[in-house]
Amino acid sequence: MTTPSGQAGNGNSSAQKGHTAATRRMARHYAMQALYQWHMTGNSLNSIEAEFRTDNDMSKVDVEYFHDILHGVPENLSDIDAVYQPFLVDRSLEELDAITRALLRLATYEFKFRIDVPYKVVINEAVALAKKFGAEDSHKFINGVLDKTAAVLRALEVNAERKSR
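Report follows, based on the coordinates. Quick caveat, the model's predicted, so the values are computed rather than measured.

## A word on the packing of helix H2 (residues 21–41) against helix H6 (residues 98–113)
Reasoning step 1: Interaxial distance between H2 and H6 falls to 9 Å at its minimum, and their mutual angle equals 125°. Relative to H6, H2 is oriented oblique. For H2 against H6, the interelement crossing comes out right-handed. Packed against H2, whose contacting residues are Arg28, Ala31, Met32, Leu35, Tyr36, Trp38, His39 and Met40, the element H6 presents Ala98, Ile99, Arg101, Ala102, Leu103, Arg105, Leu106 and Glu110 at the interface.

Below, the structure written as structure tokens:
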């Protein structure tokens, strides 16, 4: 398998190197903040990544995953936005605050390119980050959009889950 950034991999190389749910969680935490910074400042991804690696203790972070998300989202931005945009209800992409936009992009990227991560994990992690960093009740909006997005990008997985209930 080739990742969007062109690197060869089997989709779970991080798991093989001893990375845990906690290190992935921290990778998402920093990736969301880095994507927010990229959106707000327009700085280069490499300089943002270097800043995060310098300013934060990355010993408890799956840094490969952080890198993959940080570079993968912008590389696939139009495709990612096109998938979840129909589910924004009465909002346009431009009306979304930068945290909500970063979380929807991060999660949609994971749905699309990181099939090694179960869709429920993607949604739960995005909702948890929204509760921590987002506007009040933004987690409910994000949950609704991602539920619909998962049904499109992970239809087999979502349908199998629904049948097993």
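Read on for the rest.
## Digging into empty space enclosed by the protein
Reasoning step 1: For the structure shown, the criterion picks out 1 cavity of 30 Å³ or more.
Reasoning step 2: What the largest cavity holds in volume is close to 40 Å³.
Reasoning step 3: For the lining of the largest cavity, the secondary-structure elements that each account for two or more residues are H2 and H6.
Reasoning step 4: Residues that form the lining of the largest cavity fall into these classes: 6 nonpolar, 1 polar and 2 charged.

## Brief notes about the side chain of Arg105
Reasoning step 1: Here Arg105 lies in helix H6.
Reasoning step 2: Residue class for Arg105 comes out buried when judged on its relative accessible area of 9%.

## Here's the deal with the environment of Val61
Reasoning step 1: Of note, Val61 is situated in the loop between helix H3 (45–55) and helix H4 (63–75).
Reasoning step 2: Given the relative accessible area of 4%, Val61 is considered buried.
Reasoning step 3: Distance from Val61 to Tyr30, taken between C-alpha atoms, is 8.7 Å for residues 31 residues apart in sequence.
Reasoning step 4: Ignoring sequence-local partners within four residues, the contact set of Val61 consists of His19, Thr23, Met26, Ala27, Tyr30 and Phe66.

## Digging into unusual backbone geometry
Reasoning step 1: At Val89, a position not held by glycine, the phi torsion is positive, near 60°.
Reasoning step 2: Summarising the element assignment, Val89 is placed in the loop between helix H5 (77–84) and H6.
Reasoning step 3: Here the phi dihedral of Asp137 falls at roughly 70°; this positive angle occurs in a residue that is not glycine.
Reasoning step 4: Here Asp137 shows up in the loop between helix H7 (119–133) and helix H8 (138–153).
Reasoning step 5: For Asp137, a relative accessible area of 39% gives the class partly exposed.

## Quick notes on the packing of aromatic side chains
Reasoning step 1: Summed over the entire model, instances satisfying the criterion amount to 3 aromatic pairs.
Reasoning step 2: Taking 6.0 Å as the distance between ring centres and 40° as the angle between the ring planes, the aromatic pair formed by Phe52 and Phe66 counts as tilted. With Phe52 in helix H3 and Phe66 in helix H4, the pair connects residues that are 14 residues apart, well separated along the chain.
Reasoning step 3: Accessibility expressed as a relative area gives 0% for Phe66, which makes it buried.
Reasoning step 4: Here the aromatic rings of Tyr109 and Phe113 are separated by 5.1 Å at their centres, their planes lie at 40°, and the arrangement is tilted. Here Phe113 and Tyr109 lie together in helix H6, a separation of 4 residues that amounts to about one turn.
Reasoning step 5: Counting every residue linked through ring pairs, the aromatic cluster contains Tyr30, Phe52 and Phe66.
Reasoning step 6: Above the ring of Tyr65, the side-chain terminus of Arg24 is found at 3.9 Å from the ring centroid.

Conventions adopted
- Residues numbered from 1 in each chain as written.
- Predicted model: local features only at pLDDT ≥ 70, side-chain atom pairs only at ≥ 80, totals over all residues.
- Heavy atoms only, no water.
- Axes fitted to C-alpha atoms, helices over the stretch in contact; angles between N-to-C directions.
- Helix = DSSP H or I, 4+ residues; strand = E, 2+ residues; numbered from the N terminus.
- Parallel < 35°, antiparallel > 145°, perpendicular 65-115°, else oblique.
- Left-handed = near helix turned anticlockwise from the far one by under 90°.
- Contact = heavy atoms within 4.5 Å.
- 1 Å grid on protein atoms, 1.4 Å probe; cavity = no way out; pocket = protein on both sides within 12 Å on 5 of 7 lines; lining within 4 Å.
- Points joined across faces, edges and corners; volume = space filled by probe spheres on them.
- Nonpolar A, V, L, I, M, F, W, Y, C, P; charged D, E, K, R; others polar.
- Buried < 20%, exposed > 50% of the residue type's maximum accessible area, 1.4 Å probe, protein only.
- Phe/Tyr/Trp six-rings, centres within 6.5 Å; stacked < 30°, edge-to-face > 60°.
- Lys NZ or Arg CZ within 6 Å of the ring centre and 35° of its normal.

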